[in-house]
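Chain by chain, the residues:
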Amino acid sequence: MSPDGTPDISDATKVIEATDKLAATFGKVFPGITDWSADVHESGRTSRILRDVKKIMAAQKELGLSDETTDFLSSDAIRRHGRYERFEGIALNAIPSIRSNNRAGEIDSEWAERFFDNASVVYDEEMQKVWSALLAGEANEPGTFSKRTMSILADMSAEDARLFRTLCGYCFIPYSDAGESVESEDPVVIMIPDKERTSYNDGALSVEGVSTLISYGLVVTAVSRVLTFDQVGYSIYLDTPKGRFAMVSHQHDELKLIFKYAVLTPAGCELAKLCEFASADDFIRVLTNLCEPKNVTVVKV
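Residues numbered from 1 in each chain as written. Predicted model: local features only at pLDDT ≥ 70, side-chain atom pairs only at ≥ 80, totals over all residues. Heavy atoms only, no water.

**Some words on the overall build of the protein chain**
A tally of helices and strands in the protein chain yields 11 helices and 11 strands. For the protein chain, the residues scored as buried account for 44% of the 301 residues in total. Looking at the protein chain alone, contacts between residues at least 24 apart form 72% of all its contacts between residues at least 6 apart. Accessible surface computed for the protein chain: about 16300 Å², of which carbon and sulfur atoms make up 52%. (Helix = DSSP H or I, 4+ residues; strand = E, 2+ residues; numbered from the N terminus. Buried < 20%, exposed > 50% of the residue type's maximum accessible area, 1.4 Å probe, protein only. Contact = heavy atoms within 4.5 Å. Areas by Shrake-Rupley, 256 points an atom, 1.4 Å probe, with all protein chains shown as cover.)

Laid out in structure tokens, this is it:
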């Protein structure tokens, strides 16, 4: 890097080489996808479509195809190119989030095929970013996302995804002062019913919205999550975008703090890896409202 902080030629070359190497790996993981450079992705799409349409038009004369058949084949070629174009965009957008020590070459072939089938038909730009993040996560650690989770995501609308992100904004990972997960590595969900019982967390999540997440198999409500404080002064920690906080017990004997109304399913836990925990603007206030009646305070550390 140059003294003024801008990338120099060697930095840029390293980035290009890393991207080309990863692109070559993706080309093997997703057979048939060969035009991985950003330049080709932007400038070559029209020429590729025209090339295939010209081949179809030539075949009409050679094989005596009807106009209807030729029109169908031409339309199908355009649709296929559209799918490849969308998929290439998603894959290219995933590359900056993929680590240099990634394991993209170990992605399961069946998983890759399912990913292509689902991601290539995503038109919404916001959802395309979600699929890019999912691909990056799988490339960094194959097996992170199951085919079932992909199927659920494929059925979700952009609004459904925003709803799930809102829920994750009220989730956190609890850990001890030694940095170890408490009770479980799964996120804890905070949901406090409003007085009317039509929403949670002061209207941030509607009952209807939570029911939607239940229908997708991302959340269950029949079970609770319990955090146990062994003695007075015992602390359980959590990280938020605003810093690290601690929940501190002021009860002399054992205290159990119960988080009711929602627990993430295995698929929900997987999909939650694409979200930012404890990101709701009123997260600390909502957590405090849950803790204080139980003789637990929430403090920044």
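**Here we look at helix α5 (residues 109-119)**
If you check which residues of α5 are buried, you get W111, A112, F115, F116, N118 and A119. Here α5 starts with a cap whose side-chain oxygen sits 3.1 Å from the backbone nitrogen of E110, and that cap is D108. (Polar contact = N/O pair within 3.5 Å; in protein donor to acceptor, adjacent residues only side chain to side chain.)

**Here we look at the packing of aromatic side chains**
For any pair of aromatic rings, geometry is given as the distance between the ring centres together with the angle between the planes. With the rule as written, the count across this model stands at nine aromatic pairs. Ring centres 6.0 Å apart and planes at 70° place the aromatic pair F87 and F115 in the edge-to-face group. Taken as a pair, F87 in helix α4 (residues 67-94) and F115 in helix α5 lie far apart in primary sequence, 28 residues in all. Residue F87 shares its accessibility class with F115, and that shared class is buried. Pairing F115 with W131 gives two aromatic rings, centres 5.5 Å apart and planes at 70°, and the pair type is edge-to-face. (Phe/Tyr/Trp six-rings, centres within 6.5 Å; stacked < 30°, edge-to-face > 60°.)

**Remarks on the pairing of strand β8 (residues 243-249)**
When you tally the buried positions in β8, you get five out of seven residues, the bulk of the element. Judged from the six bridges that link them, strand β7 (residues 235-240) and β8 form a sheet pairing that is antiparallel. Across the sheet, the residue bridging to L238 is F245, located in β8. The hairpin turn running from β7 into β8, its antiparallel successor, is two residues long. Bridge count for β8 against strand β11 (residues 296-300) is five bridges, and the pairing is antiparallel. Opposite A246, over in β11, you have V299 as the bridge partner. (Pairing = 2+ DSSP bridges.)

**Focus: helix α7 (residues 147-155)**
At 3.6 residues per turn, the α-helix brings residues three or four places apart onto the same side. Of the residues making up α7, those classed as buried are T149, M150, I152 and L153. For α7, the buried positions fall inside an angular range of 160° around the axis, keeping them on one side. Residues R148 and D155 are exposed on α7 and point more than 90 degrees away from its buried face. Structurally, α7 contributes buried residues whose contacts are with α5, α6 (125-140) and α10 (266-272). (Arc of directions from axis to C-beta.)

**Describing the state of the cysteines**
Tallied over the full model, the rule gives zero disulfides. Looking at C171, it has no disulfide partner, and the nearest cysteine sulfur is the one in C168, 4.8 Å off. (Disulfide = S-S within 2.5 Å.)

**Let's talk about unusual backbone geometry**
Its identity is not glycine, yet Y261 carries a phi of approximately 85°, on the positive side. Inspection of the secondary structure puts Y261 in the loop between β9 (255-259) and β10 (263-264). In the Ramachandran plot, A278 falls in the positive-phi region, its phi being about 55° despite a non-glycine side chain. Along the chain, A278 turns up in the loop between α10 and α11 (283-291). The class for A278 is buried, based on a relative accessible area of 4%.

**Points about the pattern of salt bridges**
One pass over the full model with this rule turns up 10 salt bridges. R114 is paired through a salt bridge with E110; the nearest N and O atoms lie 3.9 Å apart. Of this pair, R114 and E110 both sit in helix α5, four residues apart, which is roughly one turn of the helix. For E159, the salt bridge goes to R162, with nearest N and O atoms at 3.0 Å. In this pair, E159 and R162 are both assigned in helix α8 (residues 158-168), three residues apart and thus about one turn of the helix distant. (Salt bridge = Lys/Arg side-chain N within 4 Å of Asp/Glu carboxyl O.)

**What to know about the packing of α8 against helix α9 (residues 207-215)**
Relative orientation of the contacting elements α8 and α9 amounts to 105°, with a least axis distance of 10 Å. In terms of orientation, α8 and α9 fall into the roughly perpendicular class. Contact residues: D160, L163, F164 and L167 in α8; G209, T212 and L213 in α9. Each residue belonging to the contact of α8 with α9 can be placed in one class, and the counts come to four nonpolar, two polar and one charged. (Axes fitted to C-alpha atoms, helices over the stretch in contact; angles between N-to-C directions. Parallel < 35°, antiparallel > 145°, perpendicular 65-115°, else oblique. Nonpolar A, V, L, I, M, F, W, Y, C, P; charged D, E, K, R; others polar.)

**Digging into the nonpolar core**
F115, F164, F172, L218, M247 and L287 are the most contacted members of the largest nonpolar core, which has 76 residues in total. In terms of residue count, α6 provides more of this core than any other element does, seven residues in total. Not counting residues within four places of it along the chain, the set of residues in contact with F115 comprises F30, F87, I90, S120, W131, L134, L135 and M150. (Core = buried A, V, L, I, M, F, W, Y, C linked by side-chain atoms within 4.5 Å.)

Shape descriptors only; they carry no functional weight alone.
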